[in-house]
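Letter by letter, the chains look like this.
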Amino acid sequence: MAALLRLALCCVLAIVARATDDPVAVAIGHAKAHPQGDVPASFVAADYRGDLRDLPIGVFDSGVGGLTVLEALKAHDRHDNLTGKEGADGVPDFAGERFVYFGDQANMPYGNYSAVGRTDFLRELILRDVLFLLGRRYAHGRKPPVKAIVIACNTATAYGLEDIRAAVKAWGLPVIVVGVVEAGAQGLAESAGGAQGGVAVLATVGTCASNAYPKALAKVTARPVRQLGSATLAAAIEGDPSVTTPIRDIIRADVGGFLKSAAADGAAPIDTLMLGCTHYPLVADEIAAAFAYWREQSAADGRKPYAALVAKELKQVNPAAWTAEALWRSLQGARMMAVTSSSAGDQFYLSVPNPAWPGVGLAADGSLSYEYKYGRQPNQVGRQDTLNVPMTPEKLPGATANLVREKLPLTWRSLRAAR
Ligand code: DGL
């Protein structure tokens, strides 16, 4: 009888999802229809009925950029670990926690889906990331479920935060969900340090198109905000072989174009940069250098057209540390910090193309072809054209691995230990 009822419920959910054709409804229905977590993009419902405190924290991004957020989580020390009171105690606030990191590298850049009218598909990808973290399966084995989801991707936060919250609620899970955009806006408000000028939000084209930052910033400051969306910088940092322009040149050209249009519009002088893409903290020095370069450039008449537009001292805001604080507050508030210190370390996964999936389109280097990647339609949440496999330092392109090793030492150590 119970089995019959469950079958009937599954049919109703499937019909409702198909009727609405909304990727969120489809993903919600799909996972509800598979409470044993026995198919891709599902989780074991029973995992979320007990005590979740000792489960790991899930962190995801479209690629390796979210490792900058993981680094901030691992370094975060703003509280006394015994009393919970404000004030660093020399012990990281998440010292007792472990993390499961996922980078959806095969499907990135997320930032370019909106430009080709595929935001619904992007929303489905984002929910698949969440289902991967909640579930127990990776391509070749088992992984632990998670008690919290950190959306360590600005684009995914912009397009997916509300969907994720709605899905988690519909699934009835007491899972914490934290995104980077509001945390970043909060960070700007808390760390202004006297800066009162214009804010330049550096992000993906998609994040800019969503207007997530201008909206979040408007809640905490009246300062003027302008956006600089880059179509290639995140992919270049990720080591995408189709991007052949050196990172420094991409940044210089992006910033030059941005300042040209800002000057033409008579924009307010800029004194703060919001690093609104998780990849960008890895090239923060190059970004500062590009603004400094253009500030000093002279036109034919000897005038420096951008000198008054760019402050000499530019403040950079990285949302990562404020994301860590938002997570800490949520876990504390829900009494969900780990109680048993675990000897198991962090786990790292990334997606790779699955050449065996019918109709999959591959480029010469084995990555998903551009036409295939950006031509897909939603409502096939269980598709397996990509597989999630363990991330190892060897799987990262050399230049990207070097960036992680140099700039993210805590994460690098953890990634190496996870092998
Ligand atoms: N990491 C993503 C972000 O923070 C950008 C990379 C991408 O376009 O996939 O927006």
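In this text, all values refer to a predicted model and were calculated from it rather than measured experimentally. (Residues numbered from 1 in each chain as written. Predicted model: local features only at pLDDT ≥ 70, side-chain atom pairs only at ≥ 80, totals over all residues. Heavy atoms only, no water.)

1. Description of helix 10 (residues 247–264)
Structural remark: α-helix, 3.6 residues per turn; residues separated by three or four positions point the same way. With 18 residues, helix 10 extends 26 Å between its outermost C-alpha atoms, agreeing within 8% with the 26 Å of an ideal straight helix rising 1.5 Å per residue. Residues of helix 10 that are buried sit in contact with strand 7 (198–204), strand 8 (225–230), helix 9 (233–238), strand 9 (270–275), helix 11 (284–296) and strand 10 (310–317). Positive backbone phi, at 65 degrees, marks Gly-266, one or two positions downstream of helix 10. (Helix = DSSP H or I, 4+ residues; strand = E, 2+ residues; numbered from the N terminus. Expected span 1.5 Å × (residues − 1). Contact = heavy atoms within 4.5 Å.)

2. Some thoughts on the nonpolar core
Phe-60, Leu-73, Phe-94, Leu-134 and Leu-327 are the most contacted members of the largest nonpolar core, which has 108 residues in total. Counting residues per element, this core draws most heavily on helix 4 (residues 119–134), at ten residues. Phe-60 has contacts with Phe-102, Ile-126, Asp-129, Val-130, Leu-133, Ile-149, Val-150, Ile-151, Ala-152, Cys-153, Ala-156 and Ile-164, leaving out every residue within four places of it along the chain. (Core = buried A, V, L, I, M, F, W, Y, C linked by side-chain atoms within 4.5 Å. Buried < 20%, exposed > 50% of the residue type's maximum accessible area, 1.4 Å probe, protein only.)

3. Let's talk about the pattern of salt bridges
According to the stated counting rule, one finds 21 salt bridges in the structure shown. Among the ionic pairs, Lys-219 bridges to Glu-182, the shortest N-O distance being 3.9 Å. Here the residue Lys-219 occupies a position in the loop between helix 8 (212–218) and strand 8, and Glu-182 occupies one in helix 6 (residues 181–190), the gap between them amounting to 37 residues. What makes Glu-182 partly exposed here is its relative accessible area of 48%. The partner of Arg-295 in a salt bridge is Glu-296, and the shortest N-O contact between them spans 3.2 Å. Linked by salt bridges that have partners in common, Arg-78, Glu-86, Glu-190, Glu-325 and Arg-329 make up one network. (Salt bridge = Lys/Arg side-chain N within 4 Å of Asp/Glu carboxyl O.)

4. Details of the sheet that holds strand 9
Taken in spatial order, the four strands make up an open sheet running 8-7-9-10, and their pairing is parallel. Each edge of the sheet is formed by a strand with only one pairing partner; in this case those strands are strand 8 and strand 10. Between one strand axis and the next, the sheet turns by 25 degrees as a mean value, whatever way the strands run. As paired strands, strand 7 and strand 8 are joined by six bridges and run parallel to one another. (Pairing = 2+ DSSP bridges. Axes fitted to C-alpha atoms, helices over the stretch in contact; angles between N-to-C directions.)

5. Some remarks on the pairing of strand 9
Within strand 9, six of the six residues are buried, which leaves the element mostly enclosed by the surrounding structure. Sheet analysis places strand 9 next to strand 10, joined by four bridges and oriented parallel. Paired with Thr-272 across the bridge in strand 10 is Lys-315. This β-α-β element, strand 9 to helix 11 to strand 10, shows right-handed connectivity. (Right-handed = clockwise from strand over helix to strand, strands pointing away.)

6. Digging into the site of the ligand
For the ligand, the set of nearby residues contains 14 residues, the closest of which are Asp-61, Ser-62, Tyr-110, Gly-111 and Thr-155. At 2.6 Å from an oxygen atom of the ligand is found a side-chain nitrogen or oxygen belonging to Ser-62. Burial of the ligand by the protein amounts to 99% of the accessible area it has alone, namely 300 Å². Residues of the shell around the ligand, tallied by class, amount to six nonpolar, seven polar and one charged. (Near = heavy atom within 4 Å. Polar contact = N/O pair within 3.5 Å; in protein donor to acceptor, adjacent residues only side chain to side chain. Areas by Shrake-Rupley, 256 points an atom, 1.4 Å probe, with all protein chains shown as cover. Nonpolar A, V, L, I, M, F, W, Y, C, P; charged D, E, K, R; others polar.)

7. A look at the sheet that holds strand 5 (residues 148–151)
Strand order in the open sheet formed by six strands is 6-5-1-2-11-12, with mixed pairing between adjacent strands. In this open sheet, the two edge strands, each paired with only one partner strand, are strand 6 (176–179) and strand 12 (386–390). Across the sheet, the mean angle from the axis of one strand to that of its neighbour is 20 degrees, orientation sign disregarded. Note: strand 5 against strand 6, four bridges, orientation parallel. Considered in strand 6, the bridge of Ala-148 is made with Ile-176. Each of strand 1 (57–61), strand 5 and strand 6 touches helix 5 (residues 154–170); the most contacted strand, strand 6, lies at about 170 degrees to it. In this fold helix 12 (residues 320–333) packs onto strand 1, strand 5 and strand 6, with an angle of close to 160 degrees to the strand it touches most, strand 6.

8. Some details on unusual backbone geometry
With an omega dihedral of 0 degrees, the bond running from Met-108 to Pro-109 counts as a cis peptide bond. Even without being a glycine, Arg-335 presents a positive backbone phi close to 50 degrees. Looking at the element boundaries, Arg-335 is found in the loop between helix 12 and strand 11 (347–353). The class for Arg-335 is exposed, based on a relative accessible area of 70%.

9. Comments concerning the side chain of Arg-376
For Arg-376, the position within the fold is in the loop between helix 13 (370–375) and strand 12. For Arg-376, the side chain forms a polar contact with the side chain of Asn-107, separated by 2.8 Å. At a separation of 3.1 Å, a polar atom in the side chain of Arg-376 contacts the main-chain carbonyl oxygen of Lys-373.

10. Focus: the side chain of Asp-163
Considering the arrangement of structural elements, one finds Asp-163 in helix 5. Given the relative accessible area of 11%, Asp-163 is considered buried. In this structure the side chain of Asp-163 is engaged in a polar contact, spanning 2.7 Å, whose partner is the side chain of Arg-123. Apart from residues no more than four positions distant in its own chain, Asp-163 is found in contact with Val-24, Arg-123 and Leu-127.

11. Quick word on helix 11
Here helix 11 contains 13 residues, and its C-alpha end-to-end distance of 19 Å stays within 8% of the 18 Å for a straight helix at 1.5 Å per residue. Residues of helix 11 that are buried include every one of Ala-284, Ile-287, Ala-290, Phe-291 and Arg-295, and no others. Buried residues in helix 11, looked at end-on, bunch into an arc of 135 degrees, giving them a common side. Of the surrounding secondary structure, the elements contacted by the buried residues of helix 11 are strand 7, helix 10, strand 9 and strand 10. (Arc of directions from axis to C-beta.)

12. Notes on the environment of Val-59
Within the secondary structure, Val-59 is located in strand 1. Take Val-59: its relative accessible area is 0%, and that puts it in the buried class. Those residues in contact with Val-59 that sit more than four places away from it in its chain are Gly-66, Leu-70, Leu-73, Phe-99, Val-100, Tyr-101, Phe-102, Leu-133, Val-150 and Ala-152.

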